[in-house]
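Residue strings, one per chain:
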Amino acid sequence: MSKLHIKKDDTVIVLSGDRKDKGKTGKVLKVLVGENRAIVEGRNLVSKSTKPSAKNPQGGIVKQEAPIHISNLSLIDPKSGKATRVAIKRDGKKIIRIAKKSGEEIK
């Protein structure tokens, strides 16, 4: 299993993909490590047909987020608000992620 530079609750920008999502930002809801994909809040929405159930008695078409490949996402620099790469430093057992553009720590 590979280590990923994106974690849950990170703010990311979509670098490539669907034209309506490219360049937009969002919060990571879930990271699918085995598939190298992440689900970003409000991005890559797809229509899914659902049968009536206890949760959704009406059924019908539901919009939901689909996973986006990690290579199409980049973390947002906390200082400038632009896309940045990530440096990883170890402080004893603690791992610190640092934005390459500004040198700020990514929380």
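Above this note sits the structure.
Attention in this report is confined to the structure presented alongside it. Computed from a predicted structure; not experimentally measured. (Residues numbered from 1 in each chain as written. Predicted model: local features only at pLDDT ≥ 70, side-chain atom pairs only at ≥ 80, totals over all residues. Heavy atoms only, no water.)

### Points about the environment of Gly 34
When you line up the elements, Gly 34 lands in the loop between β2 (25-32) and β3 (37-40). Taking the C-alpha atoms as reference points, Gly 34 and Leu 15, separated by 19 residues in sequence, lie 21 Å from one another. (Helix = DSSP H or I, 4+ residues; strand = E, 2+ residues; numbered from the N terminus.)

### Brief notes about the nonpolar core
Among the nonpolar cores identified, the biggest contains 12 residues, and these are Ile 6, Val 12, Val 14, Val 28, Ala 38, Val 40, Ile 68, Ile 70, Leu 73, Leu 75, Ala 99 and Ile 106. Those elements giving two or more residues to this core turn out to be β1 (11-14), β3 and β7 (73-76). Once residues lying within four places of it in the same chain are set aside, the contact partners of Val 14 are Asp 21, Lys 22, Gly 23, Lys 24, Arg 43, Ile 68, Asn 72 and Leu 73. (Core = buried A, V, L, I, M, F, W, Y, C linked by side-chain atoms within 4.5 Å. Buried < 20%, exposed > 50% of the residue type's maximum accessible area, 1.4 Å probe, protein only. Contact = heavy atoms within 4.5 Å.)

### Some remarks on the pattern of salt bridges
Counted by the stated rule, this structure contains four salt bridges. Close ionic contact of Asp 10 with Arg 97 constitutes a salt bridge, the shortest N to O distance being 2.9 Å. You can see Asp 10 sitting in the segment before β1 and its partner Arg 97 sitting in strand β10 (residues 94-99), a full 87 residues away along the chain. Look at Arg 97 and you get buried, because its relative accessible area is 8%. (Salt bridge = Lys/Arg side-chain N within 4 Å of Asp/Glu carboxyl O.)

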